[in-house]
Amino acid sequence: MPPATAPPHPHPIQPKAGPRGILLVAATELRSSLRDRQTVMNSVVLPIVMYPVLFWFILQGILVVQGHKERTRVEVALVGAPEQVADLQSRLLGLSLPLDPDTQTTTPNPVDFRSLPDGPQDDAALRAWLISKQHPEAESIPDAILRLPEGPNDKTQLYLESTRSGSELAAERMRKRIAQVAEQLRQDAAKSRGLTPQDLDPLDIAEHTITTSRDQGAFVLSLFLPMMIIIMAVMGAFFPAVDSTAGEKERGTAETTLLLPIPRSQVLLGKIVATSALAFLATVLNLTFMGLAARHLLGTLGPKIPFRIEFPFLALLYSLPLVLLFCFFVSAVLTALAGLTKSFKEGQAMLGPAQMVFILPAIIGIMPGLKLGLGWSLVPVVNVVLAVRSILVMDWLPIPYLLTGLVLLVSAWLAVRLCVRLLSQEALAFSGSSISFKHLLRMLRHAKS
Amino acid sequence: MQSPESPTASLAIEAQGLIKTFHDPERGEVRAVRGLDLECRYGEIFGLLGPNGAGKTTTLRMLAGILVPSGGHAHIAGIDATADPMGVRQRIGFLSGSTGLYPRLTARETLRYFGELHGIPKPALEARIEELVETFQLQEFADGRCEGLSTGQRQRVSIARAVVHDPDVLILDEPTTGLDIMAASDMIDFIEARRSAGRCVLFSTHILSEAERLCDRIGVVHHGRTLAVGTLAELRAETGAEWLGDVFKVLVRRAEPDPTPAA
């Protein structure tokens, strides 16, 4: 005779619903994601390795190009009256070249001068010679030609071919040298007339910027770093969002998850929390290693850039609460969208263009002249970019910052509601069917979460 | 929610007029289950028999709290499956071909995850996990990721996962499909052990010999409706057929008379 009721359980059934259940789901999702090679590559390895490697290549590239440029010999033909050419050539050869600030040695930048007092004088012939046609008295084509003035009202002409790097280089070197010679001539002329060089330049202006080089660096960073943070967060949420929804259907574990003894809204919230955590981790790692790599790069290039850039770790630390809220918002939206698909491939195809929903407003946010005010604080994504930008230059805007945080919180909450409303649908919970837009709208209207 | 005075509290599963309709983009409204009745008791093995597309899996999913019924009602361990599907999920163990294991978790982590969500206190859970590891002989692979397990090993872990909280009702959808002889035999032993422990087991199967050997009662389902319910002896008496296969054919023919007209 079977029993009328089930035998008693050794322990009371009290499922772990509520925040503890959400955290348990999130922790399990995180553990699972961090064991996935693709997610680890995207969220951990790439942020650590990408910027140091990228910056190392940039640095090596700059050094190689610069070294090569400095060693390259160029040839400039001097054309004009013989005594004029001889005078200019002797002045050019007598110039003291500037010292390299790093090595305290004379920068090579060699220029070979070839004087052709009897060469072609007319414009067309000089142009033809520079392009390709061999001059009968010259052995080769020069990189640039300097034609000296014939009369007192004529100008000195510099001919170059802009599509040839050697020609550009020759012109650049000649401009500097000619400027030095011109200064010498000016000083000689002043001296012969009993004037001082200051008499020739009565309104000599000395500029004084009150911005420190450090603030100038922060300003430069504030123009692009906020947009990069948005891109980092979106990219960081991409794989975990697809993996925890479409990936789950593909792996055949969607029904197993539906069996979890806590409300489905909490299961989804746990997934979103895990995705947010990975997006945040990827963003923080990206920023940290970009900062370290940038510090090394800037340290190496230091004297060659006009301002001092220090990576603003402290300002970024202040930005982190907003970045965290943004990660949560992005994760909820991407999880909801990826949940509409039935395979990893479909999920990636869906989220690829969807990323633009975040990246395009971020581009608006870096436009010069925009400032975080009450109006912009109400526009999600743009508000984060402008807020981070203001924090980087240490602008203290308490009300807009607070409003930005609130708007992000409300946006995140709405995105979570949308995610729960969509993904609680039976038609989406199982992998078999594709959802039309019409069907999707109908589900949103009638959904019970 | 479960209430002591519920008239169905003494039944492990009670379903009346259960209906499930789906919206299919191509076929429109599809009625997968059309008024199915079912009663299962504690300490009983109940077999659900029917051809492909009969609505067995949909029925089991509704009873497991995975799908919400479109009509009718179902009580599992006294809990209304429509009003409180989460309460149902807390009371049942469910296993089907589509309840895969999380590939990146180990067997032990899977059991701990489900056990913790069911709210089993930590010391009791660890003891329960060890008990299940021993019962289902998971020792050799309990700490390896599930993605590396063989089909038979996965099935053993899946069963352990389904019963980690010692559910009142165990619902199995074709549990021996794809298993080798040894694994299928272990599964049959396990189902019998649940009955001996006073729990209810509801399972669907294609394999008639399994149903004959295991089931206390059998329900024959066709086109989303229950055609007959009874012990094997009762079904034989009702249809006049000896073998379960023939019993099944007679019942289906009765439900669907031969469409070819008499000469």
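Residues numbered from 1 in each chain as written. Chains lettered and ligands numbered in written order. Predicted model: local features only at pLDDT ≥ 70, side-chain atom pairs only at ≥ 80, totals over all residues.

Draft legend 1. The sheet that holds strand β3 (residues 144–147) of chain A, seen in detail. All names here are of chain A. With mixed pairing, four strands are arranged side by side in an open sheet as β2-β1-β3-β4. The open sheet terminates on both sides in strands that have one partner only, identified here as β2 (111–115) and β4 (157–160). On average, each strand axis in the sheet is inclined to that of its neighbour by 20 degrees, with strand direction left out of account. Note that strand β1 (residues 74–79) and β3 share four bridges and pair parallel. (Pairing = 2+ DSSP bridges. Helix = DSSP H or I, 4+ residues; strand = E, 2+ residues; numbered from the N terminus. Axes fitted to C-alpha atoms, helices over the stretch in contact; angles between N-to-C directions.)

Draft legend 2. Seen up close, the confidence of the model for chain B. All names here are of chain B. Per-residue confidence for chain B gives a mean pLDDT of 87; residues scoring 70 or more make up 94%. Confidence drops under a pLDDT of 50 for residues 1–8, and excluding neighbours within four residues, the segment shows 13 contacts in the predicted structure. Across the interfaces of the predicted complex, the ipTM metric reaches 0.88, alongside a pTM of 0.81. (pLDDT = per-residue confidence, 0-100. Contact = placed C-beta atoms within 7 Å.)

Draft legend 3. Up close: the packing of helix α2 (residues 37–71) of chain A against helix α7 (residues 213–244) of chain A. Residue and element names in this part refer to chain A. Following both chains from N to C, one finds α2 and α7 inclined at 160 degrees, their axes separated by 8 Å at the closest point. On the basis of their axis angle, the class for α2 and α7 is roughly antiparallel. The hand of the α2/α7 crossing is left-handed. Where α2 approaches α7, its residues Gln38, Thr39, Asn42 and Ser43 are matched on the opposing element by Gly236, Phe239, Pro240 and Asp243. (Parallel < 35°, antiparallel > 145°, perpendicular 65-115°, else oblique. Left-handed = near helix turned anticlockwise from the far one by under 90°.)

Draft legend 4. Structural context of unusual backbone geometry. Residue and element names in this part refer to chain B. You will see that Asp166, though not glycine, has its phi angle at about 50 degrees, which is positive. Along the polypeptide, Asp166 turns up in the loop between α5 (151–162) and β7 (169–173). We note that His223 has phi near 50 degrees; this positive angle belongs to a residue other than glycine. Topologically, His223 is positioned in the loop between β9 (217–222) and β10 (225–230).

Draft legend 5. Main features of the interface of chain B and chain A. Listed by partner, the interface residues are 37 residues for chain B and 33 residues for chain A. Among the secondary structure elements, those contributing two or more residues to the side of chain B that touches chain A are α2 (85–91) and α3 (107–117) of chain B. Residue composition of the side of chain B that touches chain A, grouped by class: 18 nonpolar, 11 polar and eight charged. (Nonpolar A, V, L, I, M, F, W, Y, C, P; charged D, E, K, R; others polar.)

Draft legend 6. Region of the structure containing the sheet that holds strand β2 (residues 28–41) of chain B. Residues and elements named next belong to chain B. What the four strands build is an open sheet, ordered β2-β1-β4-β5; its pairing is antiparallel. Each edge of the open sheet carries a strand with a single partner, namely β2 and β5 (79–80). Examined bridge by bridge, strand β4 (residues 71–76) and β5 share two bridges and lie antiparallel to one another. In the strand pairing of β5, Ile76 is matched with Ile79. Along the sheet, helix α1 (residues 56–63) contacts β1 (11–24), β2 and β4; its crossing angle with β1, the most-contacted strand, is approximately 120 degrees.

Draft legend 7. How the structure looks around α3 of chain B. Burial within α3 of chain B is extensive, with 10 of its 11 residues counted as buried. Of all the positions in α3 of chain B, only Ala107, Arg108, Thr110, Leu111, Arg112, Tyr113, Phe114, Gly115, Glu116 and Leu117 of chain B are classed as buried. Among the structural elements, α1 (19–33) of chain A together with α4 (122–135) and α5 of chain B are those in contact with the buried residues of α3 of chain B. Where α3 of chain B ends, the next residue or the one after it, Gly119 of chain B, has phi of about 80 degrees, a positive value. (Buried ≥ 20, exposed ≤ 12 C-beta atoms within 10 Å, placed from the backbone.)

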